[in-house]
Amino acid sequence: MIYGSFDLRRGDHDGKPAQNTPPRWGGNDNPVLTVVSAETAAAFLGSSAALAVPEHVRKLQEDLVTLGFSVAGKPDGGFGIRTSWAVREFQIYASMNRVACVRPEKQGQLLLDQSGAPVKVNNLDVYFDSSAAIVAKAGKAPSVSGSTTAPASYYVDSLQSVVNAVKYDGPISGVVNEKTRIAIEHWLDNDYRCPVVFEAWAMSQGVRSNLAPAGCNIWAHDSFTPGAPRILVRDFSDCFEFPAERTQIDYQSVGYYQSGSFGGPNATKAHSWSPEADMSVKNITGAAINPSQLNTPALSTYRTIRVVAEAECFGRFDVLNAWDNALISAGPCHWTMGLFNNGKYGKGEFVGFIAYLKHKSNETFNKVFGNFGLYPIYDWGDSRLYADDLKTYSGWVKLTNDTFVQAQQSHADTEFDELLKTKEEAHYLKTWHWFYRMGMAGRTLQDYKTTMWSMAKVRVADIMKKEITFHVGAATVTSTLGKVFTSEKSVAILLRWHVYRPSHVVNDDYEKITPIVQQAVNGTAGVNWQSAVASWGDAHEVALTEKLLSAAAAINSTITTSIAFGATQPQGSVRTGRNTFVLEV
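Residues numbered from 1 in each chain as written. Predicted model: local features only at pLDDT ≥ 70, side-chain atom pairs only at ≥ 80, totals over all residues. Heavy atoms only, no water.

A. Structural view of the packing of helix 18 (residues 513-523) against helix 19 (residues 538-555). At a minimum axis distance of 9 Å, the contact between helix 18 and helix 19 shows a crossing angle of 135°. Comparing their axes, helix 19 and helix 18 come out oblique. When the axes of helix 18 and helix 19 are compared, the crossing they make is right-handed. Between helix 18 and helix 19, the residues in contact are Ile 513, Ile 516, Val 517, Gln 519 and Ala 520 and Ala 543, Leu 544, Lys 547, Leu 548 and Ala 551, respectively. (Axes fitted to C-alpha atoms, helices over the stretch in contact; angles between N-to-C directions. Helix = DSSP H or I, 4+ residues; strand = E, 2+ residues; numbered from the N terminus. Parallel < 35°, antiparallel > 145°, perpendicular 65-115°, else oblique. Left-handed = near helix turned anticlockwise from the far one by under 90°. Contact = heavy atoms within 4.5 Å.)

Right, dumping it as structure tokens:
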């Protein structure tokens with residue numbers, strides 16, 4: 001059995017015989033005398049006749065790189081963070097029904113350039129059946145099998161999708177357990193490769209033209225940092241079902257690298273799938289707009305939330321951000337996975353959404369997160385997930401460990417390890433593979449999209465319940481945001497502001513809405529504010545909305561353009577009249 005039959009794991013290493021440092025394998029220091037041969041043990045006793053000490057960790061790292069899991073980095077004999085990422089990712093892809101495999105006609109053949117000369121890397125001829133990392137260095141192929149429209153890399157052109165004959169059914173743990181070792185051996189023996197490949201290409205009129213240097217088989221968020229090339233993916237797996245209009249055998253757009261103090265994957269409207277990922281009426285409600293039914297609760301809610309989505313993510317479910325201090329952001333409110341502050345990441349609202357998804361559709365949760373070993377620490381309904389002072393749901397994530405049993409319906413806390421909140425650990429979720437999974441969920445999984453929209457409605461409902469107190473002359477009026485602001489336009493502005501700065505809207509110590517209401521009451525002539533709030537009319541709403549929009553725009557100017565969204569579309573823009581907002585339950 002490979003790797004000395006050790007369950008290699010984080011913290012293991014191959015030791016240094018020259019410094020009399022024994023190895024650590026399977027979580028045990030100095031396993032030499034009890035497990036390894038006497039000849040090997042003699043290496044640490046200075047015998048010149050001793051055999052070389054086996055390098056199990058280095059061999060594991062070399063094998064992972066060969067199989068396409070280059071996130072492991074340069075083999076160094078130390079089982080560190082990125083080696084554990086590589087093992088986890090291998091376990092993820094080895095669990096799938098289909099994987100990539102070197103095409104038979106490409107096995108054992110030299111790569112030739114356009115002149116017919118062998119391609120060389122480090123002065124060595126390159127073969128298709130060598131390490132994935134070596135073939136990836138060969139760059140762009142002169143032609144693509146079965147295609148005459150656009151080029152591909154030598155690496156992608158050497159692969160095909162095949163049925164995974166030996167599926168891994170153990171835990172996603174990052175530990176090289178027995179089932180993982182069996183799977184790795186099978187992959188090596190059968191020329192399997194990681195089935196999802198990311199590459200950086202220069203684009204010309206929407207068509208890939210040149211593969212960027214070092215732009216093949218990109219993994220970590222910082223593996224490729226030039227910003228101009230587009231990051232494309234070639235997916236040989238069956239993880240996501242491609243719609244009939246999309247050709248899976250071709251490259252698909254994912255995003256680009258955005259520089260910054262953190263840096264990482266980013267996507268804009270240019271990288272989005274349309275219409276599949278559009279936050280359109282049809283994708284949200286399941287039906288096209290009926291011109292005779294424009295004032296339903298569903299469309300009222302749609303117009304209101306869609307304003308915020310336009311500002312946050314261009315109204316696309318697959319427009320994600322993983323380049324700033326929020327780790328990763330997604331959804332109509334662009335919930336953050338966790339904000340970095342004081343040297344570590346804190347809780348994030350996207351984790352609240354993950355918990356909500358697990359509650360609403362466990363099957364979809366597993367397709368996007370659970371099957372990849374990612375869970376929220378707190379489930380939906382746990383009071384620790386909700387911050388009443390901010391009206392937000394936030395949490396952090398945990399990863400399955402080697403005791404996790406997939407077949408069980410419920411799991412003990414011991415089956416998980418909390419993802420550490422340091423940059424080095426948490427940036428596992430910024431890899432292009434995680435970025436792609438969440439983007440593809442927004443493109444292909446209807447339950448994922450509708451649950452995101454439902455989560456946004458939960459936010460609106462919570463905001464509207466917030467009590468507010470102001471004065472009309474000598475009278476003190478106590479009401480709620482939902483009773484004071486009743487137009488689609490004003491509720492959309494409140495929601496946008498709450499997404500950007502929740503405390504400004506609902507926190508008693510920091511909220512800025514009460515002064516706005518007071519300004520409208522005190523400074524709007526010709527409007528009778530003495531009447532009960534429930535009897536206020538359009539004039540009251542217009543005065544309140546004007547003050548609210550002006551104040552919100554001073555905090556975040558994106559609201560000034562996004563508020564007009566829908567004006568040229570059948571559903572129209574947000575309505576301005578009193579009591580025009582009706583929340584869809």
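B. Molecular detail of the sheet that holds strand 6 (residues 159-163). Pairing in this open sheet of three strands is antiparallel, and the strands run 6-3-7 from one edge to the other. Here the strands that pair on one side only, and so sit at the sheet edges, are strand 6 and strand 7 (192-193). Sheet topology places strand 3 (residues 98-102) next to strand 7; two bridges connect them, and they run antiparallel. Considered in strand 7, the bridge of Cys 101 is made with Tyr 192. (Pairing = 2+ DSSP bridges.)

C. Broad picture of the environment of Asn 217. Secondary-structure assignment places Asn 217 in the loop between strand 9 (207-216) and strand 10 (230-235). The buried category is assigned to Asn 217, whose relative accessible area is 6%. As a C-alpha pair, Asn 217 and Leu 60 span 157 residues in sequence and 19 Å in three-dimensional space. Side-chain polar atoms of Asn 217 contact the backbone oxygen of Gly 68, separated by 3.0 Å. (Buried < 20%, exposed > 50% of the residue type's maximum accessible area, 1.4 Å probe, protein only. Polar contact = N/O pair within 3.5 Å; in protein donor to acceptor, adjacent residues only side chain to side chain.)

D. Quick peek at the packing of aromatic side chains. Inspection of the entire model under this criterion finds 32 aromatic pairs. Ring geometry for Tyr 386 and Tyr 393: centres 4.5 Å apart, planes at 40°, overall tilted. For Tyr 386, a relative accessible area of 26% translates into the label partly exposed. Three or more aromatic residues link up through ring pairs in this structure, and these residues are Trp 335, Phe 350, Phe 353, Phe 365, Phe 369, Tyr 375, Phe 404, Phe 416 and Tyr 448. The ring of Phe 565 carries the charged tip of Arg 306 above its face, separated from the ring centre by 3.7 Å. The ring of Phe 372 carries the charged tip of Arg 437 above its face, separated from the ring centre by 4.5 Å. (Phe/Tyr/Trp six-rings, centres within 6.5 Å; stacked < 30°, edge-to-face > 60°. Lys NZ or Arg CZ within 6 Å of the ring centre and 35° of its normal.)

E. How the structure looks around the nonpolar core. Phe 69, Met 337, Phe 350, Phe 369, Tyr 448 and Ile 513 are the most contacted members of the largest nonpolar core, which totals 148 residues. Here this core gets nine residues from one element, more than from any other, and that element is helix 14 (residues 446-464). Setting aside its immediate chain neighbours within four residues, Phe 69 contacts Leu 64, Ala 86, Glu 89, Phe 90, Tyr 93, Trp 187, Cys 194 and Trp 219. Counting 23 residues, the second largest nonpolar core, distinct from the first, contains Leu 111, Val 197, Trp 201 and Tyr 251. (Core = buried A, V, L, I, M, F, W, Y, C linked by side-chain atoms within 4.5 Å.)

F. Examining the pairing of strand 10 more closely. Of all six residues that make up strand 10, five are buried, and the element is covered over most of its length. Summarising the sheet, strand 8 (residues 196-204) and strand 10 pair through six bridges and their orientation is antiparallel. Paired with Val 196 across the bridge in strand 10 is Asp 235. Note that strand 10 and strand 11 (residues 252-258) share three bridges and pair antiparallel. Following the sheet pairing, Ile 231 is matched in strand 11 by Gly 255.

G. Examining the packing of helix 4 (residues 81-94) against helix 7 (residues 178-189) more closely. Between helix 4 and helix 7, whose axes approach to 11 Å, the crossing angle comes to 75°. By the criterion of interaxial angle, the relationship of helix 4 to helix 7 is roughly perpendicular. Between helix 4 and helix 7, the residues in contact are Phe 90, Gln 91, Tyr 93 and Ala 94 and Thr 180, Ala 183, Ile 184 and Trp 187, respectively. Within the contact of helix 4 with helix 7, the residues separate by chemical class into six nonpolar, two polar and no charged. (Nonpolar A, V, L, I, M, F, W, Y, C, P; charged D, E, K, R; others polar.)

H. Spatial organisation of the pattern of salt bridges. Counted according to the given criterion, the structure contains 28 salt bridges. Residue Asp 191 pairs with Arg 193 through a salt bridge whose shortest N-O separation is 4.0 Å. A single burial state applies to Asp 191 and to Arg 193, both of which are buried. Linking Glu 541 and Arg 578 is a salt bridge whose minimum nitrogen-to-oxygen distance equals 2.5 Å. Of this pair, Glu 541 sits in helix 19 while Arg 578 sits in the segment after helix 20 (559-562), and the two are 37 residues apart along the sequence. (Salt bridge = Lys/Arg side-chain N within 4 Å of Asp/Glu carboxyl O.)

Read these as spatial facts, not as claims about activity.
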